[in-house]
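# Observations on the model geometry
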Amino acid sequence: MKNSFGAWLTGTELGRYLLQREQEYFERAVADAFGYHAVQVGLPEMDCLSGNRIPWQCRVADYGDVDVRCDPAFLPFETRSLDLLVMPHVLDFTTQPHQVLREADRVLMPEGRLILTGFNPLSLWGVRRLIQGRESAPWNGNFFTQLRIKDWLALLDLELEESAFMVYAPPFSRQDWLGRCGFMEDAGERWWPLAAGVYGIEAVKRQRGMRLITPNWKQQAKKKGALGVVAGNERQHTHKQPETTERDGVSSCQ
């Protein structure tokens, strides 16, 4: 079974073009994530964890060939049990985006990473959505702005670490037209990054109230210095003083 967006992603030329660009992004984004448990939520048509080396990996969605079938708004994982969580377009195709992010915050361990992608409404993709209508995928998605997602993350323990943009070519349906716009992928990040069709967000879960305690090297150095002075003073005070004797009424030092 496939959902409409998954079918569009693998069954159309524009969908496959998008799939390739996002696959490249996720391979870079997850490469440096470490830990013990990694989970991909949504879009089983895309392997977002292929570039990661975490030993235990799981794919979760409400359809398709996955390890666990569930609603992304209610994840079947223990609190603070995951080191990496990736969500390709999950917020675009859910009726409970706030609940999805709350679940992500719940299941991630402190310093765990959340990586997600979404459609940018302030792009040519958003323009086509306005012209074509929202009857079919992917144009029936939510298309939240990146700024709104950042605001939602700020209300949780998820701290924005990095953002990225991809898919700068216009959303043409034909592969030959997309190929002619290949130069836009190379120049887009430099000249018009905010006009990209898709954005990526990387966030880290910070534990509020947690403070890292490190050795106070300066204070220890001061203590060592103070002990040295005291020891020196002790030696100075215990130094034997010369004795003075009187012989025949004349003072002399021995």
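Anyway, here's the lowdown on the structure attached to this text. (Residues numbered from 1 in each chain as written. Predicted model: local features only at pLDDT ≥ 70, side-chain atom pairs only at ≥ 80, totals over all residues. Heavy atoms only, no water.)

Attention now goes to the overall build of the protein chain. From N to C terminus, the protein chain includes 8 helices and 9 strands. Per-residue burial over the protein chain gives 44% buried out of 254 residues. Element-wise, carbon and sulfur atoms account for 53% of the exposed surface of the protein chain, whose accessible area totals about 14,800 Å². (Helix = DSSP H or I, 4+ residues; strand = E, 2+ residues; numbered from the N terminus. Buried < 20%, exposed > 50% of the residue type's maximum accessible area, 1.4 Å probe, protein only. Areas by Shrake-Rupley, 256 points an atom, 1.4 Å probe, with all protein chains shown as cover.)

Membership of the largest hydrophobic core comes to 38 residues, with the highest contact counts inside it found for Phe5, Trp8, Leu9, Leu18, Leu84, Val86 and Ile115. Looking at this core, the elements with two or more residues in it are helix H1 (4-11), helix H2 (13-29), strand S4 (82-88) and strand S5 (108-119). Per-element accounting of this core gives the leading share, 7 residues, to H2. Aside from chain neighbours lying at most four places away, what touches Val86 is Phe26, Val30, Val39, Gln40, Val41, Cys48, Leu49 and Ile115. Core analysis: the next-biggest nonpolar cluster, separate from the first, contains 29 residues, Val90, Leu91, Leu101 and Leu156 among them. (Core = buried A, V, L, I, M, F, W, Y, C linked by side-chain atoms within 4.5 Å. Contact = heavy atoms within 4.5 Å.)

Mapped onto the elements, Gln57 comes out in strand S2 (residues 56-61). Residue Gln57 is classed as partly exposed on the basis of its relative accessible area, which comes to 32%. Here the alpha-carbon distance between Gln57 and Asp67, two residues 10 residues apart in the chain, equals 9.5 Å. Among the polar contacts listed, one links the side chain of Gln57 to the backbone oxygen of Asn52, at a separation of 3.3 Å. From its side chain, Gln57 meets the backbone oxygen of Ile54 in a polar contact 3.3 Å long. (Polar contact = N/O pair within 3.5 Å; in protein donor to acceptor, adjacent residues only side chain to side chain.)

What follows is about the packing of aromatic side chains. Summed over all chains, the structure comprises 8 aromatic pairs. When the ring of Phe5 is compared with that of Phe119, the centres are 5.9 Å apart and the planes differ by 80 degrees; the resulting orientation is edge-to-face. Of this pair, Phe5 sits in helix H1 while Phe119 sits in strand S5; the two residues are 114 residues apart in sequence, bridging distant segments of the chain. Take Phe5 and Phe119: they sit in the same class, and that class is buried. (Phe/Tyr/Trp six-rings, centres within 6.5 Å; stacked < 30°, edge-to-face > 60°.)

Attention now moves to the sheet that holds strand S6 (residues 158-166). Read across the open sheet, the 7 strands follow the order S3-S2-S1-S4-S5-S7-S6; overall the sheet is mixed. Among the strands making up the open sheet, the edge pair consists of strand S3 (68-69) and S6. In this sheet, strand S7 (residues 198-205) lies alongside S5 in antiparallel orientation, the contact comprising 7 bridges. Paired with Thr117 across the strands is Gly200, a residue of S7. Packing against the sheet, helix H3 (residues 97-107) makes contact with S4, S5, S6 and S7, and its axis sits at approximately 150 degrees to S5. (Pairing = 2+ DSSP bridges. Axes fitted to C-alpha atoms, helices over the stretch in contact; angles between N-to-C directions.)

Here the focus is the side chain of His89. Looking at where His89 falls in the secondary structure, it is placed in the loop between S4 and H3. Residue His89 is classed as buried on the basis of its relative accessible area, which comes to 2%. At 2.9 Å, the side chain of His89 forms a polar contact with the side chain of Asp92.

Glancing now at a nonpolar patch on the surface. Taken together, the side chains of Leu124, Val127, Leu130 and Ile131 make up a nonpolar region of the molecular surface, amounting to roughly 430 Å² of accessible area. Structurally, Val127 can be placed in helix H4 (residues 124-132). The class of Val127 is partly exposed, set by a relative accessible area of 39%. (Patch = residues over 30% accessible without salt bridge, like charges linked within 9 Å, V, L, I, M, F, W, Y side chains within 5 Å. Salt bridge = Lys/Arg side-chain N within 4 Å of Asp/Glu carboxyl O.)

Moving on to the pattern of salt bridges. What the rule picks out here adds up to 5 salt bridges. Of the charged contacts, one joins Glu202 and Arg113 as a salt bridge, the two residues approaching to 2.8 Å between their closest N and O atoms. One end of the pair, Glu202, is in strand S7; the other, Arg113, is in strand S5, and 89 residues separate them in sequence. Of the two residues, Glu202 and Arg113, neither departs from the other in class, the shared state being buried. As a salt-bridge pair, Glu159 and Arg206 come within 3.6 Å of each other at their nearest N and O atoms. Taken together, the residues Glu159 in strand S6 and Arg206 in the loop between S7 and helix H8 (217-238) connect sequence positions 47 residues apart. Residue class for Arg206 comes out partly exposed when judged on its relative accessible area of 29%.

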